[in-house]
2 protein chains.
Amino acid sequence: MGESDPRQPVDTLITAAHVLTMNANFDEYAPGAVVVQGDTILDVGAEATMLEAYLPRNRLDCGNAVIMPGLVNTHGHAPMVLLRGLADDLRLDVWLMGYIMPVEAEFVTPHFCWLGTQLAAAEMIRSGTTTFTDMYYYEEAVADAAVQAGMRAVCAQSVLKFPTPDAGSYEEALIGARDYITRWKDHPLVVPAVAPHAPYTVTPEVLEGAVELTLEFGVPLHIHIAETAHEVEEHRERYGMPAVPWLKKLGVFEGKATAAHCVHLDEGEMRTLLHHNVGVAHNPSSNMKLSSGIAPVSRMLEIGLNVGIGTDGAASNNDLDMIEEMRLTSFLGKVATMDPTALPARKVIEMATIMGARALHLDTITGSLEPGKRADLISLSLDEVHHTPVFARDPDSIYSRLLYASHQEDVLDVMVNGVWLMRDRRLLTVDPTPLRAEADRLARRIDQFLIQREESVLSKLVAIGGVAQVRSFEVQVKIKDVDLETLEARLLTLPEIHFLRGSERSQYDTYFLFDDQWGSRLRYREDEVRDLESGEIVDLIYRLTLMNTGKEKEFENSILLSRSRFDAPATRSLRFYQEYFKPDRVVAVQKSRRRFHIRYGNTDFALNFDRIGSTTIGGRATGFAEDHPFLEIKSRTWSQQDAERKAGLISDMLILLQLSEGSLVKVEYLDVVQGSSENR
Amino acid sequence: MGESDPRQPVDTLITAAHVLTMNANFDEYAPGAVVVQGDTILDVGAEATMLEAYLPRNRLDCGNAVIMPGLVNTHGHAPMVLLRGLADDLRLDVWLMGYIMPVEAEFVTPHFCWLGTQLAAAEMIRSGTTTFTDMYYYEEAVADAAVQAGMRAVCAQSVLKFPTPDAGSYEEALIGARDYITRWKDHPLVVPAVAPHAPYTVTPEVLEGAVELTLEFGVPLHIHIAETAHEVEEHRERYGMPAVPWLKKLGVFEGKATAAHCVHLDEGEMRTLLHHNVGVAHNPSSNMKLSSGIAPVSRMLEIGLNVGIGTDGAASNNDLDMIEEMRLTSFLGKVATMDPTALPARKVIEMATIMGARALHLDTITGSLEPGKRADLISLSLDEVHHTPVFARDPDSIYSRLLYASHQEDVLDVMVNGVWLMRDRRLLTVDPTPLRAEADRLARRIDQFLIQREESVLSKLVAIGGVAQVRSFEVQVKIKDVDLETLEARLLTLPEIHFLRGSERSQYDTYFLFDDQWGSRLRYREDEVRDLESGEIVDLIYRLTLMNTGKEKEFENSILLSRSRFDAPATRSLRFYQEYFKPDRVVAVQKSRRRFHIRYGNTDFALNFDRIGSTTIGGRATGFAEDHPFLEIKSRTWSQQDAERKAGLISDMLILLQLSEGSLVKVEYLDVVQGSSENR
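The residue numbering used here restarts from 1 in each chain and proceeds along that chain's sequence as written. As a convention, the first chain written is A and the first ligand written is 1, with the rest following in written order. Where totals are concerned, whole chains, interfaces and linings use all residues; where local detail is concerned, this predicted model gives features only for residues with pLDDT of at least 70, and gives and counts side-chain atom pairs only at 80 or more. Each side-chain value is derived from all of the structure's non-hydrogen atoms; neither hydrogens nor water enter the calculation.

Engineer: Go over the sheet that holds strand 18 (residues 419–423) of chain A with me, naming the residues and quoting the values.
Structural biologist: All names here are of chain A. Here seven strands make up an open sheet; going across it, the order is 3-2-7-16-17-18-19 and the pairing mixed. At either end of the open sheet lies a strand with only one pairing partner, and these are strand 3 (28–29) and strand 19 (426–427). Where strand 18 meets strand 19, two bridges bridge the pair, whose relative direction is antiparallel. Across the sheet, residue Arg 423 finds its bridge partner in strand 19, namely Arg 426. DSSP bridges decide pairing: two strands pair if at least two such bridges lie between them. Counting from the N terminus, the helices are the DSSP runs of H or I reaching at least four residues and the strands are the DSSP runs of E reaching at least two.

Have a look at this one:
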């Protein structure tokens, strides 16, 4: 050898038993080498050729391993690692509205987002991800944390129609997003983006604002589309069309868009996404765990869509392991189509690398090992028991080994933008130990918050919003087994009783009973209000009412009930509330009610002609199956004195109605029904 | 402290932040301890209580970890780790009959089974399995390997109706099984068992023999049931009932039975299994990867069946990671029922431990941490980034962390029967390094075997069986665009031509064309043979014929074709063959044929009145879409001389039939069609 080495000096040369380029030809080198200069891949090729051509300052031999492009996580909510395991095995709405959103409203701050993203980065690096996508709040903190960890990231600032942890209104959110994008738009690692959250959480105004940003700055737009069948149905009902054409009309696909989930799309919607080069982020773990459904991935690939793979947030997954997501993509795609040749190994590895980069509109920068691209790469050990044996006959067998038998622990080394983030499983840019301690401290605060909130039924009710406290007294009595028809006819002929107005109702009450110190009773009422004459439904009311048991005072012919109660509109389903409140017992009381508002003795009363129908206790029908007729007389009051006067008027009225000898009942229907059940 | 320590001396005391007993009350201790004496659990409880009561000779503190029962793998084929990654992304039949079975027939020996089981044991121990179930050949070698690795195992000797690597007949297999069971039936680790493979691979005699063994020795019986919809359909067709009642009738459930897969069961079948206390082994990875379908696990649990979890063999999974199988059990169960509350964390951990032990009829010995049971336990680290943070509010959150966020690398320590098999991820009973080297050498031999087999189309054809070589010559000619009706009418009036017999056929030929040195052509023919008069189908023939291109000799009005060809019955589908043979091109030729066997000049000829119909090349329809009428005249011969004579007779016949001026075609229909396509 002469003094002047003919080889070109380079920063780093990395060799391994296999190099998978994931370029257009799927070129493989075994053994192979990757040459890195600065932040860029200078060359890729057979080991011998590369060693002959280049003189590296740093040399790494990964041995019996694969060097391949780093994995591209196309959808997630990094800071939500801090909510991992907070609440599992629940319905999406219970999980989201009962736990995640109240906790987010209380705890999400810029530091929360930074801390969560740092931990997420540690987990993602350890499982071979080099690029991730984020959609959350305080996105600048997410971006900061990603840069500190050295990861490439698309950080999309969420914009929603309602207030969020980081914005009091959507106008404020859009101003914040613009500000953030302006400052980050030329960053070497972070691609700032805007994320109108989902069709059902935005308005056309929100979308227009987001589109303006994406077009003005050329930054990507990230959005959830068609995650659940329910949301798709609601969208159709509301707008008369599915989400994709609606979004298209509003210009959402004019820029560089990526749509997460896409579980429930029709063929036309897929074609629209294709036409606009919208990337798709498939999230198998999340879609399975939350029972969202199975995305038509094979079909999307068939028509030519770029489908990447994502982990979604750790609160719904519950890890950020792209290797597991790859395997699930294949497994789920095979069983869903009943075709074991669907989503074969090489195709899925492609989805997790270069196709994922295309879905994020980042394929000129990352996703494959090609000269000129950024040096984003990982090495994965094949030197493991679970990689034994090695078959070489089928050229795709290396992909098969990676997809079907690899675990995250096989990832040895990770480089992003020419910088090592992990070497031999040792993290170099993030130290998780202090971060974990802080996350655990935060978790204890969140635990406390939820424990306090769940301590009483009332605080759980308050937590989901819309509650108003109603403080009043009510004098009431019921008379059982009344001939309602005869009574109603007589009522209207009595000159002492002045008819004000009336209605007919079907009331479906479900009582959640709690063995707590207050004997809490939460009533979920569906109230179908009909016009007394025409019988047409004039109103549908869904309300939650929290009451405690106990009478204030008993009179001769009536009782006084204190009604310190809490009312809230019931905007979610009975099933939601039952799972959320977890009552000790459930009793259903169904009644048809003809209600007469009358005046008697210059005092307003409600006379309810009720038929109490079939009921269930704890899901089983009770003996109270046939209709029982009751007359109920009620009047509101705000003082004991007034109550006594009204109790006297009720006694008079019972005589007038010839009911003074009747079978008086001084309890609520719920107790009537429970008593009936207990007597069986 | 006095001289006599009041504490009871014991062998081992193990502590950790969490101890999950998986007993009937799901008792947990945090922190907790397990006390081991010999091969048995002496006590389990709160750490402080145990430390006060016992004086251990060996003390292990696992720290921030969970101690729990070892995982119970209820179904698998351990030696098949040696075939992992051999052939993926294929249909079940192609995979099984095209690759796995030929390789097994060639390579499976007792040593193969021992080697594979040793490697499987290493992999299973590393992922927290303490008990596994095996169903394979040379089961004694499997049992030997399990004992050497220190694992608990149900080792079920396969019995099939056809010859297997370890038995020339089922009688021989049953004798071998009896012999094996007799020798192993009282082993402390291995439970010998008998495995009639599946309803479709056994006969009633095989089952009776297996039932005799299970009843005589009280050993378990292991069987595949209802893995695929196809097998279920075939069973119904053949026996007029589903598999479960058929097996029940034959006494299969009289002993301690475990049924693997159970993907396609009806409600009645589930109830029958319940009635007979048959355990079920659910294999989510395998069922997804092979597209077998989704087992109704939620329903099975609802009616009370004991459903365990299994990995199946590594050739169809492709790993033996029970932690992944647990997570998939939950994920798949949720998405299949569209109910995110289905298969919650604690239930699935139960399935993988005590319920799995019940499914194997081993629950008095293992599956939970209870005094008196064998000491089969593992510790799993919670001290990982992916286990951050820790929420403690929900008592089931420890199960949720285990199920939804754990990876096999979290398993730190494994003990079976009171003996450590792994400590701090270091294997103590198996050294995989020399085993892996041997497995890789074997893989290279298997590669060579398959490469040679796949080198020629003929050897692939031979490999799947039933091939017969046919050596003959054929003189033939075709005349294009003939008025077939007129010709047929004339033919029957000619005194020179003696009609022998006739038939009408619809022939659907698919040619697989190969660019190999022989220009191989493999024809898959579906031949519907109809009676010439009635038009009724009298026969259906499916045949594969391998031919080479090339004419032997050309005559004036005909050609001589050498027909050194290979015939085999085609018992599988066109799709199977296409995937198996991977032709370079595919051409379909469809024809309706009226065939007349006639005698002319004291010589037998076949006159085919053919209409060549729509054809496709490479899956696309060609221009040859309309029917083209041809007359084909053929005669077989075994010598050149005879061929010349017959060529002369053909010329005479053409004059007689007034076709001598016709448009002669001296190639096969395949070439006619290809020529037509090329001319487009």
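Engineer: If you had to explain the relation of the copies chain A and chain B to someone new, which residues and values would you point to?
Structural biologist: For the pair of chain copies, the relating transformation is a rotation about an axis with a translation along it. Only residues with pLDDT of at least 70 in both copies contribute their C-alpha atoms to the least-squares superposition of the copies. For the pair chain A and chain B, the best superposition has an RMSD of 0.4 Å and corresponds to a rotation of 179 degrees with a translation of 0.2 Å parallel to the axis. Expressed as an axis order, the relation between the two copies is that of a two-fold axis. Across chain A, the smallest distance between a C-alpha and the rotation axis is recorded for Glu 409 of chain A, namely 3.3 Å.

Engineer: Kindly report on unusual backbone geometry, identifying the contributing residues and their values.
Structural biologist: Residue Pro 31 of chain A follows Ala 30 of chain A across a cis peptide bond; omega there is -5 degrees. As for its position among the elements, Pro 31 of chain A is in the loop between strand 3 and strand 4 (32–37). A cis amide bond, omega 5 degrees, links Asn 317 of chain B with the succeeding residue Asn 318 of chain B. Secondary-structure assignment places Asn 318 of chain B in the loop between strand 15 (307–309) and helix 12 (322–337). The phi torsion at Phe 26 of chain A lies on the positive side, around 55 degrees, for a residue other than glycine. The residue Phe 26 of chain A is located in the loop between strand 2 (18–20) and strand 3 in this model. Phi is positive for Asp 312 of chain B, which is not a glycine, with a value near 60 degrees.

Engineer: Quick one: what's the story with the domain arrangement of chain A, residue by residue and with numbers?
Structural biologist: All names here are of chain A. Domain segmentation is taken from an automatic or database assignment of domains. Domain assignment breaks chain A into domain 1 (71–365 + 426–449) and domain 2 (457–678). Taken residue by residue, the interface counts seven residues in domain 1 and eight residues in domain 2. The quantity reported as buried area is the accessible area (1.4 Å probe) lost by two parts once they are put together, taken as the sum for both. Both sides together, the interface formed by domain 1 and domain 2 hides about 710 Å², and carbon and sulfur atoms give 59% of it. The largest per-residue losses of area from domain 1 upon contact with domain 2 belong to Arg 91, Val 94 and Met 97, which jointly make up 61% of the total buried on that side. What makes a salt bridge here is a side-chain nitrogen of Lys or Arg within 4 Å of a carboxyl oxygen of Asp or Glu, nothing more. Our count for the domain 1 to domain 2 interface comes out at zero salt bridges. Within 3.5 Å is the distance limit for a polar contact, defined as a pair of N or O atoms, with the added protein rule that one can donate a hydrogen and the other accept it, and that residues adjacent in sequence qualify only through two side-chain atoms. Our count for the domain 1 to domain 2 interface comes out at zero residue pairs in polar contact (both at pLDDT 80 or more). Under this grouping Gly is polar, as are all residues other than the nonpolar Ala, Val, Leu, Ile, Met, Phe, Trp, Tyr, Cys and Pro and the charged Asp, Glu, Lys and Arg. Across the side of domain 1 that touches domain 2, the residue classes tally to four nonpolar, one polar and two charged. The contact criterion used is simple: two residues touch if any of their non-hydrogen atoms lie within 4.5 Å.

Engineer: For helix 5 (residues 170–184) of chain A, give the residues involved together with the corresponding values.
Structural biologist: Residues and elements named next belong to chain A. Taking 1.5 Å per residue as the helical rise, helix 5 with its 15 residues ought to reach 21 Å, and the 21 Å between its terminal C-alpha atoms agrees with that figure. The cut-offs for exposure are 20% and 50% of the maximum accessible area for each residue type, with area from a 1.4 Å probe on protein chains only; residues under the lower value are buried, those over the upper are exposed, and the others partly exposed. For helix 5, the set of buried residues is Tyr 170, Ala 173, Leu 174, Ala 177, Tyr 180, Ile 181 and Trp 184. Burial along helix 5 is one-sided: seen end-on, the buried residues are contained in an arc of 125 degrees. To estimate the expected span of a helix, subtract one from its residue number and multiply by 1.5 Å. Directions from the helix axis toward the C-beta atoms define the arc.

Engineer: Tell me about the side chain of Ser 406 of chain B, and please be specific about residues and values.
Structural biologist: Residues and elements named next belong to chain B. Here Ser 406 is to be found in the loop between helix 15 (397–405) and strand 17 (411–416). Given the relative accessible area of 1%, Ser 406 is considered buried. Looking at Ser 406, its side chain comes within polar contact range of the main-chain oxygen of Leu 402, at 3.0 Å.

Engineer: Let's hear about the interface of chain A and chain B: which residues, and what values?
Structural biologist: Listed per partner, the contact involves 76 residues of chain A and 76 residues of chain B. When chain A packs against chain B, close to 6,100 Å² is buried across both sides, 57% of that on carbon and sulfur atoms. Among the residues of chain A in contact with chain B, Asp 89, Phe 391 and Arg 393 of chain A are the three that bury the most area, contributing 14% of the side total. Linking chain A with chain B are 39 residue pairs in polar contact (both at pLDDT 80 or more), by the criterion used here.

Engineer: Which residues make up the pattern of salt bridges, and what are the values?
Structural biologist: A complete count under the given rule lists 83 salt bridges over all chains for this structure. A salt bridge links Glu 409 of chain A to Arg 425 of chain B; its shortest N-O distance comes to 3.6 Å. You can see Glu 409 of chain A sitting in the loop between helix 15 (397–405) and strand 17 (411–416) and its partner Arg 425 of chain B sitting in the loop between strand 18 (419–423) and strand 19 (426–427), one on each of two chains. In terms of burial, Glu 409 of chain A and Arg 425 of chain B fall into one category: buried. Where Asp 509 of chain B meets Arg 525 of chain B, a salt bridge forms, and the shortest distance between an N and an O atom there is 2.7 Å. Here Asp 509 of chain B, found in strand 21 (residues 498–513), pairs with Arg 525 of chain B, found in strand 22 (residues 521–531); they are 16 residues apart in sequence, far enough to count as distant. Side by side, Asp 509 of chain B and Arg 525 of chain B carry an identical accessibility label, which is buried. Counted as one network, the salt bridges with shared partners bring together Glu 474, Lys 478, Arg 593, Asp 610, Glu 632, Lys 634 and Glu 668 of chain A.

Engineer: Kindly report on a negative patch on the surface, identifying the contributing residues and their values.
Structural biologist: All names here are of chain A. By definition, no residue in a patch forms a salt bridge, and every one has over 30% relative accessible area; like charges are joined within 9 Å, nonpolar side chains (Val, Leu, Ile, Met, Phe, Trp, Tyr) within 5 Å. Only the protein chains shown count as covering a residue, and every accessible area follows the Shrake-Rupley method with a 1.4 Å probe. Here the positive residues are Lys and Arg and the negative ones are Asp and Glu; neither His nor the chain ends is included. To locate a charge, the coordinates of NZ of Lys, CZ of Arg, CG of Asp or CD of Glu are taken. The grouping of Glu 171, Glu 172, Glu 205 and Glu 208 at the surface amounts to a negative patch. Tracing the chain through its elements places Glu 172 in helix 5. Judged by relative accessible area, which is 43%, Glu 172 ranks as partly exposed.

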